[in-house]
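Structural description and commentary
Residue strings, one per chain:
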Amino acid sequence: MAMRIKTGDRVYVISGKDRGKEGKVLRRDLGKDLVVVENVNMVTKSVRPSQKNPRGGLVKQEAPLRACKVMLVCPACGKPTRVGRAFLDDGRKVRVCKKCGEIVDKV
């Protein structure tokens, strides 16, 4: 099934330890159905010293979470919603908010 969430979307976490948090999608992995959301599912990772990070040590970073655990936040109504599909008059396919019916994609 196609993932209906894109990079840069605002999403709401609906389950897990970070339930209720909102954030922006930083990355997504279509093959594994994963998304990385800003300031959600933070983990502590041990990093070896390198040229980029000469001190090394413990670094907090976002870990991926399943795409089914997040819902898109509609930019028009501001509520978490399911995503529908619609075709415009010129034949383009766009994402549509199921709550208010507004187009989610920037046209």
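Source: prediction; values computed, not measured.

Some thoughts on the UniProt feature "domain: KOW" (unreviewed entry) in the protein chain
In the numbering used here, UniProt assigns the feature "domain: KOW" (unreviewed entry) to residues 4-31. In this annotation, residues 4-31 is assigned 0% helix and 43% strand; the end-to-end C-alpha distance for the span is 14 Å.

Thoughts on the environment of P80
Looking at where P80 falls in the secondary structure, it is placed in strand 8 (residues 80-81). Each C-alpha atom of the pair P80 and E22 lies 9.6 Å from the other, and the pair is 58 residues apart in sequence. Ignoring any residue separated from it by four or fewer positions in sequence, one finds P80 in contact with Y12, M71, L72, V73 and K99.

Describing the nonpolar core
M3, I5, V11, V13, V25, V35, V37, V40, L65, A67 and V70 form the largest nonpolar core, which has 11 residues in total. Only strand 1 (10-13) and strand 3 (34-37) provide two or more residues apiece to this core. In contact with V13, not counting residues within four places along its chain, are D18, R19, G20, K21, V40, L65, K69 and V70. L72, C74, V83 and V104 belong to the second-largest nonpolar core, a separate cluster that totals five residues.

Overview of the pairing of strand 3
On strand 3, burial covers both faces: L34 and V36 on one face and V35 and V37 on the other are all buried. As defined by bridge partners, strand 2 (residues 22-29) adjoins strand 3 across four bridges and the pair is classed as antiparallel. Considered in strand 3, the bridge of V25 is made with V37. Taking the residues that link successive antiparallel strands as the turn, the strand 2-strand 3 hairpin has four residues, and the phi of D33 there is positive, at about 60°. With two bridges connecting them, strand 3 and strand 6 (residues 65-66) associate as antiparallel partners. Residue L34 lies in a different strand from strand 6, and its bridge partner there is R66.

Observations concerning the sheet that holds strand 3
By definition, the strands of a sheet pair up through backbone hydrogen bonds, in either a parallel or an antiparallel sense. Here we have six strands laid out as an open sheet, ordered 6-3-2-1-7-8, and antiparallel in their pairing. Looking along the sheet, the strands with just one partner apiece sit at the ends: strand 6 and strand 8.

Rules and cut-offs
- Residues numbered from 1 in each chain as written.
- Predicted model: local features only at pLDDT ≥ 70, side-chain atom pairs only at ≥ 80, totals over all residues.
- Heavy atoms only, no water.
- UniProt positions renumbered as here; feature names shortened; annotations may be inferred.
- Helix = DSSP H or I, 4+ residues; strand = E, 2+ residues; numbered from the N terminus.
- Contact = heavy atoms within 4.5 Å.
- Core = buried A, V, L, I, M, F, W, Y, C linked by side-chain atoms within 4.5 Å.
- Buried < 20%, exposed > 50% of the residue type's maximum accessible area, 1.4 Å probe, protein only.
- Pairing = 2+ DSSP bridges.

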